[in-house]
Amino acid sequence: MTPPAPEQITETPPGTVGTTTVKPSATKAMSQPEEQPQLQQDAVVAELERLLSSVVPLALEYVADCRREDQLVVEYHPPAELESLMDLALEADGCGPDGITETIKEALKYSVRCWNPRFMDKLYATTNPIGVVTELVMGVLNANSHVYHVSPAFTIIEIAVVRALGGFIGFPEDMRGGLCTPSGSMSNLLAVITARNAHFPEIKRNGFWDYATTAVTANGHPPQKPVMFTSEQSHYSFDKSAFVSGIGLDNVLSVPCDEYGRMIPAKLREMIQASRARGERPFFVNATAGTTVLGAFDPLREIGQIAREEGLWFHVDGSWGGPMIFSSDRRHLLDGAELADSFTINPHKMLGVPVMCSFLLSRDRAMFNRHNALHADYLFHDGANPYDLGDGTLGCGRRPESVKMFMAWKYYGTNGLTKHVDLLRTHALFLDSQIRIRSPRLLKVLDIEPELLNVCFWYVPASLRHIAASSISTNSNGTQPLQFDDESWVKGVEAATKQIHGIIRKSGKFMFDYAPLHGKQNVPPFFRLITHQPALTEKDLIALLDEIERVGADLDAKGAFHVSGNSSQPNGCAC
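Residues numbered from 1 in each chain as written. Predicted model: local features only at pLDDT ≥ 70, side-chain atom pairs only at ≥ 80, totals over all residues. Heavy atoms only, no water.

Peer 1: Looking at this model, I keep getting lost on the packing of helix H5 (residues 129-141) against helix H14 (residues 402-437). Mind explaining?
Peer 2: Between two packed helices, what matters for the description is the angle formed by their axes and the separation of those axes. Axis separation between H5 and H14 bottoms out at 9 Å; the angle between their running directions is 135°. On the basis of their axis angle, the class for H5 and H14 is oblique. Crossing of H5 against H14: the hand is right-handed. Within the contact between the two elements, H5 uses Pro129, Ile130, Thr134, Glu135 and Met138 and H14 uses Val403, Lys404, Met407, Ala408, Tyr411 and Tyr412. Residues that form the contact of H5 with H14 fall into these classes: eight nonpolar, one polar and two charged. (Axes fitted to C-alpha atoms, helices over the stretch in contact; angles between N-to-C directions. Helix = DSSP H or I, 4+ residues; strand = E, 2+ residues; numbered from the N terminus. Parallel < 35°, antiparallel > 145°, perpendicular 65-115°, else oblique. Left-handed = near helix turned anticlockwise from the far one by under 90°. Contact = heavy atoms within 4.5 Å. Nonpolar A, V, L, I, M, F, W, Y, C, P; charged D, E, K, R; others polar.)

In structure tokens:
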């Protein structure tokens, strides 16, 4: 934007004292000062219109291009090479509208195309048209939802969304509430710290040092070490929450899971009792609704009942599987969620809402302010105002991410969200069926249909297929923990998983991930595909499996997977 020209003022004529002659243009500007701000505002509107007129066609072309069958998911370059390809210079003079358009084109070219249905790598996928429009509205408003008086509409929207979501969980109508956070990890962190402050209020005020060295705590008992429980398959954010909150990594106890990745409630009860016997103070248990790797659902009702009996804070991490509350036939997986004190759900992971968008829901809407508020009077002028949502969080400024879920729900309705979730599961079931019929070349990690959208399997090298075939016929009842005793099988399949994944990822044709199974010995890493793309077709899924087999066969022919060692039959596969 060209800056306005300075006022043009002439020298004082000879013989004139104390006066200045001003040219007509300057005289007009001085006599009507209200026109100058208006001119500046008109220039801002014109500049925005010019930028949007350039960017909107680019965005539409980009989305259409992503849907082409021959389009790569990513044009892959190593970091050093990509730095040389992109114009990253930040200079004294700006590039202006024309230059920034080229920069945007460059960013689009080298980014991962999440709108491409063959992007099945992480737990988020494409957004949708209303998501893009909502992000634009949020950018225009540039709102901050920490206090009501600067963000009235978005504050009311956030309260409406958390109450509606809490209703699907089964929280009490007259009490339920929650907060929007930047991510599932931040929701889990807020849950841990809120629980800590509720169970150990003296730590909030005095810190761990005074708590540990005092003879008697506020409740009249000697200090006891705080202990948390979560499954061995849960998200690592609970470990991070432990060291951020001062609980400590060693005081997060991992509860064993069954062969399908679900927490064993009897083990939880045993571990809580053993902790008390050691003089510790258990205070928090997390159950996972949709684990990151296997997509498993812990038995929420049993775990919730144990938590209540033992006086523990019961949290459910539904970051991934929480949106199953909208499913037409899978809501039973969340049975018992209403027992939770807090519940995390991430609409950006399954519902097509733009990243990031997470909610920490609660059965008691006042608990966040009660346990976390500091009532900073320069900002929160009305004391404990329930509409000043920022006081119950761990930060201050808050982007109003809740509006993204609100707009999607408003646009598609509950029925539309249900159809969306159901469609994604049909993709998972089809992919699962295709893997089964390709045995023994492809081998499922679990012998059940996927509970969620996670489809996990191995490519088995030709020299090891007789071992895998034996394991299917003799160990399909799932009564033993998942593990393989044959070292050559484990090493060969691990090599196949990593090499095939690396080749396909660099090709850019598909993006998917592989993962190890935490807490399980002698289980090689496996492919983990997430069928969360609504535009996926059966043709896409068949093409992906064909590509995995093609790359695997090429590597097989080169002897890439040959491993010397024992070739006895593996034992205990829940395949």
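Peer 1: So what exactly am I meant to see when it comes to the packing of aromatic side chains here?
Peer 2: Pairs of aromatic rings are described using the distance from one ring centre to the other and the angle between the two planes. Within this structure, the stated rule accounts for 14 aromatic pairs. Ring centres 5.2 Å apart and planes at 85° place the aromatic pair phenylalanine 326 and tryptophan 409 in the edge-to-face group. One end of the pair, phenylalanine 326, is in the loop between strand S5 (313-318) and strand S6 (342-345); the other, tryptophan 409, is in helix H14, with 83 residues separating them in the sequence. Residue phenylalanine 326 shares its accessibility class with tryptophan 409, and that shared class is buried. The interplanar angle of 85° and the centroid separation of 4.8 Å between the aromatic rings of tyrosine 411 and tyrosine 412 together place this pair among those described as edge-to-face. (Phe/Tyr/Trp six-rings, centres within 6.5 Å; stacked < 30°, edge-to-face > 60°. Buried < 20%, exposed > 50% of the residue type's maximum accessible area, 1.4 Å probe, protein only.)

Peer 1: What's the story with the sheet that holds strand S10 (residues 513-515) in this structure? I'm lost.
Peer 2: By way of backbone hydrogen bonds, the strands of a sheet pair with one another, either parallel or antiparallel. On the basis of which strands lie adjacent, the open sheet formed by four strands has the order S8-S9-S11-S10 and antiparallel pairing. Both edges of this open sheet fall to strand S8 (442-444) and S10, since each of them pairs with a single strand only. The sheet shows a mean angle of 40° between the axes of neighbouring strands, direction not considered. Summarising the sheet, S8 and strand S9 (residues 454-459) pair through three bridges and their orientation is antiparallel. Considered in S9, the bridge of lysine 444 is made with phenylalanine 457. In the packing of H14 onto the sheet, the strands contacted are S8, S9 and strand S11 (526-530), and the crossing angle to S9 comes to about 20°. The sheet contacts of helix H17 (residues 538-557) involve S8, S9 and S11, and relative to S9 the element is tilted by about 20°. (Pairing = 2+ DSSP bridges.)

Peer 1: Teacher, can you tell me more about H5 here?
Peer 2: Note on helix geometry: an α-helix contains 3.6 residues per turn, so any two residues three or four positions apart are oriented the same way. The terminal C-alpha atoms of H5, which comprises 13 residues, lie 19 Å apart, in line with the 18 Å expected from a rise of 1.5 Å per residue. Among the residues making up H5, those that are buried are Ile130, Gly131, Thr134 and Met138. Viewed end-on, H5 has its buried residues packed into an arc of 100°, placing them on one side of the element. Exposed residues lying more than 90 degrees from the buried face of H5 are Pro129 and Val140. Looking at the buried side of H5, the elements it contacts are H14. The first or second residue beyond H5 is asparagine 142, which carries a positive phi of 50°. (Expected span 1.5 Å × (residues − 1). Arc of directions from axis to C-beta.)

Peer 1: Before we go on, may I ask you to explain the sheet that holds S6 in this structure?
Peer 2: Spatial ordering of the open sheet is given by S1-S7-S6-S5-S4-S2-S3, a layout of seven strands whose pairing is mixed. The sheet is open, and its two edges are formed by strand S1 (177-181) and strand S3 (252-255), each paired on a single side. The sheet shows a mean angle of 20° between the axes of neighbouring strands, taken without regard to direction. Relative to S3, strand S2 (residues 226-231) is paired through four bridges, and the arrangement is parallel. Across the sheet, residue methionine 228 finds its bridge partner in S3, namely valine 252. Seen against the sheet, helix H6 (residues 152-169) touches S1, S6 and strand S7 (358-362) and runs at an angle of roughly 65° to S7.

Peer 1: Looking at this model, I keep getting lost on the packing of helix H7 (residues 184-199) against helix H9 (residues 237-245). Mind explaining?
Peer 2: Interaxial distance between H7 and H9 falls to 9 Å at its minimum, and their mutual angle equals 45°. By the criterion of interaxial angle, the relationship of H7 to H9 is oblique. H7 and H9 meet at a crossing whose hand is right-handed. For the pair H7 and H9, the contacting residues are Ser185, Asn188, Leu189, Val192, Ile193 and Arg196 in the first and Ser237, Phe238, Ser241, Val244 and Ser245 in the second. Here the contact of H7 with H9 is composed, by residue class, of five nonpolar, five polar and one charged.

Peer 1: Any chance you could explain the pattern of salt bridges here in plain terms?
Peer 2: Opposite charge on two side chains makes pairing possible when the charged atoms of those side chains draw close. Taken as a whole and judged by the stated rule, the model has 34 salt bridges. Between glutamate 158 and arginine 398 there is a salt bridge, and its shortest N-O distance comes to 2.6 Å. With glutamate 158 in helix H6 and arginine 398 in the loop between helix H13 (367-372) and H14, the pair connects residues that are 240 residues apart, well separated along the chain. The class of arginine 398 is buried, set by a relative accessible area of 9%. The residue aspartate 335 makes a salt bridge to arginine 301 at a minimum N-O spacing of 2.9 Å. Of this pair, aspartate 335 sits in the loop between S5 and S6 while arginine 301 sits in helix H11 (residues 300-310), and the two are 34 residues apart along the sequence. Taking relative accessible area as the criterion, arginine 301 reaches 28% and is therefore assigned partly exposed. Because the salt bridges share partners, they merge into one network encompassing Glu135, Arg399, Glu401 and Lys404. (Salt bridge = Lys/Arg side-chain N within 4 Å of Asp/Glu carboxyl O.)

Peer 1: It is not clear to me how unusual backbone geometry should be interpreted in this structure. Could you clarify?
Peer 2: Trans peptide bonds make up the majority, and among non-glycine residues the majority have a negative phi. In this chain, valine 355 is followed by methionine 356 through a cis amide linkage whose omega measures -5°. Topologically, methionine 356 is positioned in the loop between helix H12 (347-350) and S7. Here the bond from serine 439 into proline 440 is cis, since omega is 10°, no more than 30 degrees from zero. Among the secondary structure elements, proline 440 is positioned in the loop between H14 and S8. Residues other than glycine seldom take positive phi values, yet asparagine 142 does so here, at roughly 50°. Relative to the helices and strands, asparagine 142 resides in the loop between H5 and H6.

Shape descriptors only; they carry no functional weight alone.
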